[in-house]
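Each chain is listed here by its residues.
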Amino acid sequence: MRYEAPETLEAATALLAAEMGIARVLAGGTDLLVQMKTDMVDPALVVDLKRIGEMRTITKAVDGFHIGAAVSGAELKEQVELKQHWPGLVEAANLIGSTQIQGRATLGGNLCNASPAADSIPALIAANATVSIFGPKGRRQLAVEDVVLAPRKTALDKGEFVVSFHIPLRAKGMGDAYLRFIPRTEMDIAVVGAGIGLKTDPSGVITAARIGLGAVASRPLHVKAAGDALVGSKLDKAAVDKMVDAVRAACKPIDDKRGTIEFRIKVAGVIAARAAAIAYDRART
Amino acid sequence: MAKHHVSFTINGDPTEILCETHATLLDVLRDELELTGTKEGCSTGDCGACSVTVDGRLVCSCLMLGVEANGKAIGTVEGLAKGDKLHVLQEKFLEHHALQCGICTPGFLVASKALLEKNPDPTETEVRYWLAGNLCRCTGYDKIVRAVMDAATVMRGA
Ligand SMILES: Cc1cc2nc3c(=O)[nH]c(=O)nc-3n(C[C@H](O)[C@H](O)[C@H](O)COP(=O)(O)OP(=O)(O)OC[C@H]3O[C@@H](n4cnc5c(N)ncnc54)[C@H](O)[C@@H]3O)c2cc1C
Ligand code: FES
Ligand code: FES
């Protein structure tokens, strides 16, 4: 195995594109090292992205926040302004693992590991995030919900990697939240996760809503019909019921030791309704 | 097998080693540098026995490559005591019987020190959440939490 730690995007892409064997980028390593130790992957080349400046910084611009894909969860937590704008997203990122895991785990790794249960992805969907991708042909943008295609499979081509996430600034009347169901309070993988971002007008009527779901299908889902069900309402029971129905209709979960299909579908609705209530409160304050 | 020249500081001391590409920081500490205070429990990030700090951040040394340590400041349990003088946390762990077999203890000490540097006056809930990634099969955690709370009081000079 070869290890490289380039300092530019171009150098990283060149290394990845030229490798004939299995190449992996390394961010926090909290998925990759576990996979290497358990012989799930044996890369010929590992490209550490943490020496590339743009990938390690968070900047606030007029068009929103640009969050480097290799920023750790611990660093995100210390970004007071980001937390004020998108508390749900920061909370979702901070649910990943323990304090020790937070010291290394990144949003880029959480997304590109392509687990259907990754905690930050539904929250990124709710926040309407786009990712900036760099590769042999230069830069391109993709909506976050279009990156993961199936477990362990992303839309990235050979030599491509995620540089940063872009999320809009929170306008007045916007709020977000992420909740997950796990059988205990810490250190577990989501059985179901739901992220909600919504926008209200001054009278409290919802004008737009985005709902992301985790662990209920082969990839994280953006459920447009569920968000649309809330539009025009003040989160009254009829609208929430309609949203819950749309959430449950979108679920195609698996049966495993942590949750049956029936359980996951039921809980997805419950968690989405609770997250919507928190997001609405945040939008109104 | 390629070897990398890696230099970093450990508990303040400049250190240089030749490191295999696939070796973790934990392997480097224990096998190359014979700093065996840092323990290996699971080697998959679940138990916290291998906790160290890297530029002040608490991490699992089993989930970091040794080559990634280049240019970093590493803190291990060996950096707590000053000669024969134990760190307050170590004294309080003894006083409160916060260990039995002891394999988890270095990880708890390093993690607790990192907490108190960031938050000198944590609530019990904050201590428990901060330490959720450190597993202990023996004590039932209560004595550990009490030792950390007591150490925090002493370290605040209260
Ligand atoms: C004890 C433990 C608990 C955990 N708990 C949770 C949890 O509660 N919730 C959760 O969602 N996850 C959890 N995880 C999984 C993991 O910590 C997260 O998925 C984390 O966000 C991965 O980020 P990383 O930077 O460590 O990724 P890495 O391990 O560095 O990378 C993961 C994968 O993504 C690729 N990759 C990384 N960055 C990029 C990039 N910028 N562009 C393209 N590809 C990239 C890598 O090549 C690799 O295939 C846990 C892991 C452990 C060990
Ligand atoms: S040995 Fe590293 S977390 Fe268990
Ligand atoms: S004292 Fe034995 S595991 Fe903690």
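As the structure is a computational prediction, the values presented were derived from the model and not from experiment. (Residues numbered from 1 in each chain as written. Chains lettered and ligands numbered in written order. Predicted model: local features only at pLDDT ≥ 70, side-chain atom pairs only at ≥ 80, totals over all residues. Heavy atoms only, no water.)

Novice: Any details on the site of ligand 1? Residues and values, ideally.
Specialist: Around ligand 1, the surrounding shell holds 36 residues, and the nearest of these are V25, T30, D31, L32 and T106 of chain A. Site remark: ligand 1 is flanked by residues from chains A and B. Between ligand 1 and the protein, one listed contact pairs an oxygen atom with a backbone N or O atom of L95 of chain A at 3.4 Å. Summarising the interface, the protein chains cover 91% of the accessible area of ligand 1, which totals 1,000 Å² for the free molecule. Elements that contribute at least two residues to the shell around ligand 1 include exactly β2 (23–26), α7 (107–112) and β10 (161–167) of chain A. (Near = heavy atom within 4 Å. Polar contact = N/O pair within 3.5 Å; in protein donor to acceptor, adjacent residues only side chain to side chain. Areas by Shrake-Rupley, 256 points an atom, 1.4 Å probe, with all protein chains shown as cover. Helix = DSSP H or I, 4+ residues; strand = E, 2+ residues; numbered from the N terminus.)

Novice: An account of the sheet that holds strand β3 (residues 51–54) of chain B is needed here, citing residue identities and associated values.
Specialist: Residues and elements named next belong to chain B. As summarised here, the arrangement of the five strands in space is β2-β1-β5-β3-β4, forming an open sheet in which the pairing is mixed. Every interior strand has two partners, whereas the edge strands, β2 (13–20) and β4 (57–60), have only one. In this sheet, adjacent strand axes meet at a mean angle of 40° when their direction is disregarded. As paired elements, strand β1 (residues 3–10) and strand β5 (residues 73–75) share two bridges and run parallel to each other. Following the sheet pairing, I10 is matched in β5 by I74. Most of the contacts of helix α3 (residues 105–118) go to β3, to which it runs at about 35°, and overall it touches β3 and β4. (Pairing = 2+ DSSP bridges. Axes fitted to C-alpha atoms, helices over the stretch in contact; angles between N-to-C directions. Contact = heavy atoms within 4.5 Å.)

Novice: Let's hear about empty space enclosed by the protein: which residues, and what values?
Specialist: Residues and elements named next belong to chain A. For the coordinates displayed, the defined rule picks out one cavity of 30 Å³ or more. Reported here for the largest cavity is a volume of approximately 40 Å³. Around the largest cavity sit V71, S72, G73, L76, A93, I96, Q102, A105, T106 and L107, which together line it. Across the lining of the largest cavity, the residue classes tally to six nonpolar, four polar and no charged. (1 Å grid on protein atoms, 1.4 Å probe; cavity = no way out; pocket = protein on both sides within 12 Å on 5 of 7 lines; lining within 4 Å. Points joined across faces, edges and corners; volume = space filled by probe spheres on them. Nonpolar A, V, L, I, M, F, W, Y, C, P; charged D, E, K, R; others polar.)

Novice: I'd like to hear about a negative patch on the surface, residue by residue, with values.
Specialist: Residues and elements named next belong to chain B. Taken together, D31, E32, E34 and E40 make up a surface patch of like negative charges. One can find D31 in helix α1 (residues 25–32). Judged by its relative accessible area of 56%, D31 falls in the exposed class. (Patch = residues over 30% accessible without salt bridge, like charges linked within 9 Å, V, L, I, M, F, W, Y side chains within 5 Å. Salt bridge = Lys/Arg side-chain N within 4 Å of Asp/Glu carboxyl O. Lys, Arg positive; Asp, Glu negative; His and termini not counted. Charge placed at Lys NZ, Arg CZ, Asp CG, Glu CD. Buried < 20%, exposed > 50% of the residue type's maximum accessible area, 1.4 Å probe, protein only.)

Novice: Give me the lowdown on the sheet that holds β10 of chain A, citing residues and values where you can.
Specialist: Residues and elements named next belong to chain A. Taken in spatial order, the five strands of this open sheet run β4-β5-β10-β6-β7, and their pairing is antiparallel. Edge positions in the sheet fall to β4 (58–61) and β7 (138–143), since each has one partner strand and no second. For this sheet the average axis-to-axis angle between neighbouring strands, irrespective of direction, equals 25°. Where strand β6 (residues 130–135) meets β7, six bridges bridge the pair, whose relative direction is antiparallel. Residue F134 lies in a different strand from β7, and its bridge partner there is R139. The strands touched by helix α1 (residues 9–18) within the sheet are β6, β7 and β10, with β10 carrying the most contacts at an inclination of about 135°.

Novice: Residue-level account of the side chain of K92 of chain B, with values.
Specialist: Residue and element names in this part refer to chain B. Relative to the elements of secondary structure, K92 occurs in helix α2 (residues 88–95). On the accessibility criterion, K92 (11% relative accessible area) is buried. Once you skip the residues sitting within four places of it in the chain, K92 turns out to touch A147, D150, A151 and V154.

Novice: Outline the pairing of β4 of chain B, listing residues and values.
Specialist: Residue and element names in this part refer to chain B. Pairing geometry for β3 and β4, over four bridges, is antiparallel. Bridge assignment links V52 to a residue of β4, and that residue is V59. Counting the residues that bridge the hairpin from β3 to β4 gives two residues, and of these D55 lies at a positive phi of roughly 50°.

Novice: Account for the interface of chain B and chain A, with residues named and values stated.
Specialist: Each partner contributes residues to the interface: chain B has 28 residues there, and chain A has 26 residues. When chain B packs against chain A, the two sides together hide about 2,200 Å² of surface, and 60% of this comes from carbon and sulfur. Among the residues of chain B in contact with chain A, R57, L63 and E68 of chain B are the three that bury the most area, contributing 29% of the side total. One salt bridge connects K118 of chain B with E78 of chain A, and the closest N-O pair in it is separated by 3.1 Å. (Buried area = accessible area lost by both parts, 1.4 Å probe.)

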